[in-house]
Amino acid sequence: MKRDKNIKGKIDFNLKNVKKTEVQLLTSGIRIVAQKGERSAACPYCGQVSDKVYEHRKQLILDKPSNDKKVEIELNKRRFVCVNSECPAKTFTENIEGLSSTRRYTRAFENYLKDLVSRKGYLEAQRFLHYKYGLNVSLTTLFYLNC
């Protein structure tokens, strides 16, 4: 049990303004439950700050492996109502620094994949990720990252 506590204390991730609420040790790896610490967010279209939450949703994000274990971040993201009546966006999702809006992995994981591909090649990197961590990363994704 002491070993589990040591692992939980050492797990860190590279997302700014995001706080860990829970760390779970799974058979497949480690899951960090996290959420943004701020209560409000600025609309990306008009810049108006809003604290009216429309809905919550969970997003599963991959982070760089730690201690030879797969690291998942379960991010509780909020969707806000834009309070500016003239703004074309009625709702917007809070922005997390360190994450691309379209990708489901951190920049640290992206750099890990780039390094892995440069050392092993595309096909061997894909096989390594599948057998070591149970991750199914397509060759297209690996190729796209290195372009």
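The preceding data block contains the structure.
A. Representation of the pairing of strand β5 (residues 53-66). Inspection of the sheet shows β5 paired to strand β6 (residues 69-81) by 11 bridges, in the antiparallel sense. Its bridge partner lying in β6, Arg57 is registered against Lys77. Count of turn residues in the β5/β6 antiparallel hairpin: 2 residues, of which Asn67 carries a positive phi of about 55°.

B. Up close: the nonpolar core. Ranked by internal contacts, the top residues of the largest apolar core, which has 14 residues, are Phe109, Tyr112, Leu113, Leu129, Leu135 and Leu142. When residues of this core are traced back to their parent elements, those giving at least two are α2 (107-120), α3 (122-133) and α4 (139-145). By residue number, the principal contributor to this core is α2, which donates 5 residues. Residues in contact with Tyr112, not counting those within four places in the same chain, are Lys64, Pro65, Phe128, Leu129 and Tyr133. Leu15, Ile61, Leu75 and Leu99 belong to the second largest nonpolar core, which has 8 residues in total.

C. Molecular detail of the pairing of β6. Taken across its 13 residues, β6 has 10 buried, putting it largely inside the fold. Pairing between strand β2 (residues 29-36) and β6: 7 bridges, direction parallel. Following the sheet pairing, Ala34 is matched in β6 by Leu75. Alignment of β6 against strand β7 (residues 91-93), held across 3 bridges, turns out to be antiparallel. Its bridge partner lying in β7, Arg79 is registered against Thr93.

The rules behind these values
Residues numbered from 1 in each chain as written. Predicted model: local features only at pLDDT ≥ 70, side-chain atom pairs only at ≥ 80, totals over all residues. Heavy atoms only, no water. Pairing = 2+ DSSP bridges. Helix = DSSP H or I, 4+ residues; strand = E, 2+ residues; numbered from the N terminus. Core = buried A, V, L, I, M, F, W, Y, C linked by side-chain atoms within 4.5 Å. Buried < 20%, exposed > 50% of the residue type's maximum accessible area, 1.4 Å probe, protein only. Contact = heavy atoms within 4.5 Å.

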